[in-house]
Amino acid sequence: MEIDTYAKRLWALWLALPMTALNYWLFRNHLPARIAMHYDASGQPNSWASPDGARTFSLEFLVFVLVVVTGVGYLVAYMRPDRAKPAIILLYIAVGLVWAFRNGVVWFNLTG
């Protein structure tokens, strides 16, 4: 895979950020006043946030993950170009799971 093609595919991961913001914006009127953000070992919520706090945390966490993933992706592309294709697959899986988990806060807290 050519480095430029790899870089374009790597930057496409950043679409997760506006998609998350859009998700929170679309369902902002349907979210409860308190959103469970953390659960203990028995599955009971033990940390709460407002919808704005949950949105802010989700976007900041996603930015952190995307910065790390982009850095790792560029390191792999330039240090080991032969490993670029498997790396992009793993990075897409990782960001997809983080995106689904952070958007699950909205999906599982809908009251409408």
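Residues numbered from 1 in each chain as written. Predicted model: local features only at pLDDT ≥ 70, side-chain atom pairs only at ≥ 80, totals over all residues. Heavy atoms only, no water.

Caption draft 1: Broad picture of the environment of Val106. Here Val106 shows up in helix H4 (residues 84-107). As a C-alpha pair, Val106 and Tyr24 span 82 residues in sequence and 6.8 Å in three-dimensional space. For Val106, the residues in contact, after removing those within four places along its chain, are Asn23, Tyr24, Phe27 and Leu31. (Helix = DSSP H or I, 4+ residues; strand = E, 2+ residues; numbered from the N terminus. Contact = heavy atoms within 4.5 Å.)

Caption draft 2: Representation of the packing of aromatic side chains within the structure. Across all of its chains, the model carries four aromatic pairs by this definition. The interplanar angle of 10° and the centroid separation of 6.0 Å between the aromatic rings of Tyr74 and Tyr78 together place this pair among those described as stacked. Here the residue Tyr74 and the residue Tyr78 both occupy positions in helix H3 (residues 51-79), the gap between them amounting to four residues, near one helical turn. Looking at Tyr78, the relative accessible area reads 54%, which means it is exposed. An aromatic cluster of three or more residues is present, and its members are Trp11, Trp14, Tyr74 and Tyr78. Over the aromatic face of Trp48 sits the side chain of Arg34, whose NZ or CZ is 4.0 Å from the ring centroid. (Phe/Tyr/Trp six-rings, centres within 6.5 Å; stacked < 30°, edge-to-face > 60°. Buried < 20%, exposed > 50% of the residue type's maximum accessible area, 1.4 Å probe, protein only. Lys NZ or Arg CZ within 6 Å of the ring centre and 35° of its normal.)

Caption draft 3: Geometry of a nonpolar patch on the surface. Together, Phe57, Phe61, Phe64, Val68 and Val72 line one region of the surface with nonpolar side chains, adding up to about 440 Å² of accessible area. Mapped onto the elements of the fold, Val72 is located in helix H3. (Patch = residues over 30% accessible without salt bridge, like charges linked within 9 Å, V, L, I, M, F, W, Y side chains within 5 Å. Areas by Shrake-Rupley, 256 points an atom, 1.4 Å probe, with all protein chains shown as cover. Salt bridge = Lys/Arg side-chain N within 4 Å of Asp/Glu carboxyl O.)

Caption draft 4: Highlighting the nonpolar core. Core analysis: the largest hydrophobic core is formed by 16 residues, its most contacted members being Tyr6, Leu13 and Val95. Broken down by secondary-structure element, the contributors of at least two residues to this core are helix H1 (3-11), helix H2 (16-26), H3 and H4. Per-element accounting of this core gives the leading share, six residues, to H4. If we skip the residues at most four places from it in the chain, Val95 touches Leu13, Ala16, Val65, Leu66 and Val69. Counting eight residues, the second largest nonpolar core, distinct from the first, contains Tyr24, Met37, Ala54 and Val105. (Core = buried A, V, L, I, M, F, W, Y, C linked by side-chain atoms within 4.5 Å.)

Caption draft 5: Geometry of H3. Helix length check: H3, at 29 residues, gives a terminal C-alpha distance of 42 Å against a target of 42 Å (1.5 Å per residue), a fit within 8%. Within the span of H3, buried status applies to Ala54, Ser58, Leu62, Val65, Leu66, Val69, Thr70, Gly73 and Ala77. (Expected span 1.5 Å × (residues − 1).)

Caption draft 6: Examining the environment of Trp99 more closely. By the element assignment, Trp99 lies in helix H4. Looking at Trp99, the relative accessible area reads 23%, which means it is partly exposed. Along the primary structure Trp99 and Thr20 are separated by 79 residues, whereas in three dimensions their C-alpha atoms are 7.4 Å apart. Not counting residues within four places of it along the chain, the set of residues in contact with Trp99 comprises Ala16, Met19, Thr20, Leu62 and Trp107.

Keep in mind these values describe shape, not function.
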